[in-house]
Amino acid sequence: MRTPPRILIVDDNATNVKILQTRLGSEGYEVVSAADGLEGLAAARELTPDLILLDLMMPRLDGIEVCRRLRADPDFPFTPIIIVTAMADLKDVVAGLEAGGDEYLTKPVDHAALAARVRSMLRIKRLHDQVEALVAQVKDWNATLERRVATQVAELERVGRLRRFFSPQLAELIVSGDAEDPLQSHRREITVVFLDLRGFTAFAESAEPEDVMGVLRQYHAATGELILAYEGTLERFTGDGMMIFFNDPVPIPDAAERAVRMSLAIRERVGGIAE
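I will try to describe carefully the structure that is included in this document. (Residues numbered from 1 in each chain as written. Predicted model: local features only at pLDDT ≥ 70, side-chain atom pairs only at ≥ 80, totals over all residues. Heavy atoms only, no water.)

What links the strands of a sheet is backbone hydrogen bonding, and the strands pair in either a parallel or an antiparallel sense. Pairing is antiparallel across the open sheet formed by three strands, whose spatial order is β6-β8-β7. Looking at the sheet topology across the chains shown, the edges are occupied by β6 (191–195) and β7 (233–238). When the angles between neighbouring strand axes are averaged without regard to direction, this sheet yields 15°. Pairing of β7 with strand β8 (residues 241–246), which is carried by five bridges, proceeds in the antiparallel orientation. (Pairing = 2+ DSSP bridges. Helix = DSSP H or I, 4+ residues; strand = E, 2+ residues; numbered from the N terminus. Axes fitted to C-alpha atoms, helices over the stretch in contact; angles between N-to-C directions.)

Below you can see the structure in the form of structure tokens.
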């Protein structure tokens, strides 16, 4: 809502308009006016006032129809409307309220009643605008949250794909951009472990392919879990042969001890057939 609030007076009686302008102007409001219903409809859409004082009986377009058209316009913002009428028949007042009016005043307009109703309607307008602002803010927060979630999901998916080939520690470093190029030449003292299955070649030559793949699947699952647990990096694997690095590309303490402990754990888990 503006400061000061903008009030639109729609009335075909110039004297009534002048009286209302004087009274509202003395209260510090910005006041604009229109001489009939059609002008009032155009002024409301162009000037987007914070409050409308709308006469019921006007030429070309009466106040009830102006009210209906404004309330039916989805692009017109919420604006309180006070119906101003000289009619004593309550049916006309009810018709104005049913068309979308929020309050009413009867002519001649009492100054105290006018001031009280204007303040009341502007308070409703202010609260409505605050709610609209909060709704917009929540939408922005939700959009930001959705973008962040989408970014994090994409990052998790990238980490998941990288973990198929790298240790979790290295995968997270690569995604975060904190890791140097692992293929770049460098010097470092490392521990290398080579694993294979005793008698696997003879077994693979005599067994059915499905049996061979079943053994490899169990073997890779068991060893892969322990390699990650001891923070090794699988450098390569071919069939039953595996080469694991410790202390490269991710530096770790006690690389040799970890390598030995991992080898013993793998030997125990696969039933003493790895070497």
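So, about the pattern of salt bridges. Across all of its chains, the model carries 16 salt bridges by this definition. Of the charged contacts, one joins Lys107 and Asp55 as a salt bridge, the two residues approaching to 3.2 Å between their closest N and O atoms. Residue Lys107 is located in the loop between β5 (103–106) and α5 (111–162), and its partner Asp55 is located in strand β3 (residues 51–55); the two are separated by 52 residues in the primary sequence. On the basis of relative accessible area, Lys107 is assigned to the partly exposed category, the value being 23%. One salt bridge connects Glu65 with Arg68, and the closest N-O pair in it is separated by 3.5 Å. Of the two residues, Glu65 and Arg68 both sit in helix α3 (residues 63–72), three residues apart, roughly one turn of that helix. Within this structure, Asp11, Asp55 and Lys107 form a network of salt bridges that share partners. (Salt bridge = Lys/Arg side-chain N within 4 Å of Asp/Glu carboxyl O. Buried < 20%, exposed > 50% of the residue type's maximum accessible area, 1.4 Å probe, protein only.)

Quick look at the packing of helix α8 (residues 209–229) against helix α9 (residues 255–269) now. Where α8 meets α9, the axes come as close as 10 Å, and the angle between the chain directions of the two elements is 155°. One finds that α8 runs roughly antiparallel with respect to α9. Of the two possible hands of crossing, α8 and α9 adopt the one that is right-handed. Contacts from Ala222, Thr223, Glu225, Leu226 and Ile227 in α8 reach Met262, Ala265, Ile266 and Arg269 in α9. (Parallel < 35°, antiparallel > 145°, perpendicular 65-115°, else oblique. Left-handed = near helix turned anticlockwise from the far one by under 90°. Contact = heavy atoms within 4.5 Å.)

Among the surface-exposed residues, Leu145, Val149 and Val153 lie close enough to one another that they form a single nonpolar patch of about 240 Å² accessible area. The topology assignment puts Val149 in helix α5. On the basis of relative accessibility, which here comes to 40%, the residue Val149 falls in the partly exposed class. (Patch = residues over 30% accessible without salt bridge, like charges linked within 9 Å, V, L, I, M, F, W, Y side chains within 5 Å. Areas by Shrake-Rupley, 256 points an atom, 1.4 Å probe, with all protein chains shown as cover.)

Glancing now at the packing of helix α2 (residues 37–47) against α3. In the contact formed by α2 and α3, the axes pass within 9 Å of each other and the chain directions differ by 25°. Between α2 and α3, the crossing angle belongs to the class labelled roughly parallel. Every pair of crossing elements has a handedness; the one defined by α2 and α3 is right-handed. Between α2 and α3, the contacting residues are Gly37, Leu38, Leu41, Ala44 and Arg45 on the first element and Val66, Arg69 and Leu70 on the second. Tallied by class, the residues present in the contact of α2 with α3 amount to five nonpolar, one polar and two charged. (Nonpolar A, V, L, I, M, F, W, Y, C, P; charged D, E, K, R; others polar.)

The strand order β2-β1-β3-β4-β5 describes an open sheet built from five strands, whose pairing is parallel. Only two strands of the sheet have a single neighbouring strand rather than two, namely β2 (30–34) and β5. Pairs of neighbouring strands in the sheet enclose a mean axial angle of 20°, with direction left out of account. Of the strand pairs in this sheet, strand β1 (residues 6–10) and β2 are connected by five bridges, and their pairing is parallel. Pairing of Leu8 across the sheet is with Val32, part of β2. Of the strands in this sheet, β1, β2 and β3 are in contact with α2, which crosses β1 at around 165°. Contacts from α3 reach β3 and β4 (81–85), with the element oriented near 145° to β3.

Moving on to unusual backbone geometry. The omega torsion across Thr3 and Pro4 is -5°, close enough to zero to call that bond cis. Position of Pro4 relative to the elements: it lies in the segment before β1. Not every positive phi belongs to a glycine, and Asn247 is a case in point at roughly 80°. Positionally, Asn247 belongs in the loop between β8 and α9. The class for Asn247 is buried, based on a relative accessible area of 15%. With phi around 55°, Asp254 is a residue other than glycine that occupies positive phi space. Looking at where Asp254 falls in the secondary structure, it is placed in the loop between β8 and α9.

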